[in-house]
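Fold and geometry: a report
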Amino acid sequence: MNFYDLSFCGITLRAMPSGALFWPDENLLCVSDLHLGKSERVARRSGQTLPPYETRDTLARLGDDLAQTGARIVICLGDSFDDVTAAENLTEEDRHWLMRLQAGRHWIWIEGNHDPGPVEFGGQHVHQLVHKGLTFRHIADPGQHAEISGHYHPKVQLQTRGRMISRPAFLVDDRRLVMPAYGTYTGGLRTNHQALDQLMGPHALAILTGPVPTCVPMPR
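Report follows, based on the coordinates.

What counts, and where the lines are drawn
- Residues numbered from 1 in each chain as written.
- Predicted model: local features only at pLDDT ≥ 70, side-chain atom pairs only at ≥ 80, totals over all residues.
- Heavy atoms only, no water.
- Pairing = 2+ DSSP bridges.
- Helix = DSSP H or I, 4+ residues; strand = E, 2+ residues; numbered from the N terminus.
- Axes fitted to C-alpha atoms, helices over the stretch in contact; angles between N-to-C directions.
- Buried < 20%, exposed > 50% of the residue type's maximum accessible area, 1.4 Å probe, protein only.
- Salt bridge = Lys/Arg side-chain N within 4 Å of Asp/Glu carboxyl O.
- Contact = heavy atoms within 4.5 Å.
- Polar contact = N/O pair within 3.5 Å; in protein donor to acceptor, adjacent residues only side chain to side chain.

1. Observations concerning the sheet that holds strand β5 (residues 73-76)
Sheet architecture is open: seven strands sit in the order β1-β2-β3-β4-β5-β6-β7, paired in mixed fashion. The open sheet terminates on both sides in strands that have one partner only, identified here as β1 (4-8) and β7 (124-126). Each adjacent strand pair in this sheet contributes to an overall mean axis angle of 25°, direction not counted. Two strands pair when backbone bridges link them, and strand β4 (residues 28-31) and β5 are joined in this way by four bridges, in the parallel orientation. When the bridges of β5 are listed, L29 appears paired with V74.

2. Some thoughts on unusual backbone geometry
Here D33, not a glycine, exhibits a phi torsion of approximately 55°, which is positive. Tracing the chain through its elements places D33 in the loop between β4 and α1 (38-46). Even without glycine at this site, H35 takes up a positive phi of about 50°. Position of H35 among the secondary structure elements: in the loop between β4 and α1. According to the relative accessible area criterion, H35 is buried, its value standing at 5%.

3. Comments concerning the pairing of strand β16 (residues 214-217)
For strand β15 (residues 205-208) and β16, the ladder comprises four bridges, and the chain directions are antiparallel. Looking at the pairing, L208 lines up with T214 of β16. Between β15 and β16, which follow one another and run antiparallel, lie five residues, and G210 among them has a positive phi close to 130°.

4. Notes on the pattern of salt bridges
This model, assessed by the stated rule, comprises nine salt bridges. Across the pair D94 and R56 runs a salt bridge, and its minimum N-O distance is 3.6 Å. Highlighted residues: D94 in helix α4 (residues 92-102) and R56 in helix α2 (residues 54-69), separated in sequence by 38 residues. Given a relative accessible area of 31%, R56 falls into the partly exposed group. Between R61 and D57 there is a salt bridge whose closest N-O contact spans 3.3 Å. Of this pair, R61 and D57 are both found in helix α2, four residues apart, which corresponds to roughly one turn of the helix. Taking relative accessible area as the criterion, R61 reaches 23% and is therefore assigned partly exposed. For D57, a relative accessible area of 35% gives the class partly exposed. In this structure, a network of salt bridges that share partners links the residues R56, E93 and D94.

5. Comments concerning the environment of D115
Its location among the elements puts D115 in the loop between β6 (106-110) and β7. Among the residues examined, D115 registers a relative accessible area of 5% and is labelled buried. Setting aside anything within four residues of it in sequence, one finds D115 in contact with G78, D79, S80, F81 and V84. At 3.3 Å, the side chain of D115 forms a polar contact with the backbone nitrogen of F81. A polar atom in the side chain of D115 sits 3.0 Å from the backbone nitrogen of G112.

6. A short note on the environment of G210
Looking at where G210 falls in the secondary structure, it is placed in the loop between β15 and β16. Taking C-alpha positions, G210 is 8.3 Å from P168, a pair spaced 42 residues apart along the chain.

As structure tokens, this is what we get:
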């Protein structure tokens, strides 16, 4: 399979084409911003209807990543559900699918701004997690070091071979790594946005997701 190995704070991590992050030495898979149930939440709040397949597509891709890596620890880095009601309103089929993915694994839910309270699923529910020297939280703390976070849904826009491409991307510098959104129905914040420009160091890199993950200097 295609992936991009990187060294972050002395630890080898693997950026996967899907937007998942794998820590081989710990057999740990991290995903951020699944936003499960987004189509239900949009319909409930605005009356607009989206094709109601995003939860299944996201869970299917997550299942593929778990099968490929064999990960036994899973960290969901916040905003796993589009809101608490979306979690409660998952179909029985999707609920059972998620339970099958959790079976036999240490599953950790990090609180996000969309899903700040505990949800009705097994696993460990925490505000943030420190594991073997790395801190996992939903929103980056500018003063911290060795931190992996999500929230911003970073996307890179580049011109290549005469056309523009836009892809979700990992952002990494010597202090932090910001995850792309994993969910199927998630937008993104371009890397030249002030929030990301100020958060990331001057030598930050962007690793574009897609069939062949590609590393470039973070576009500003």
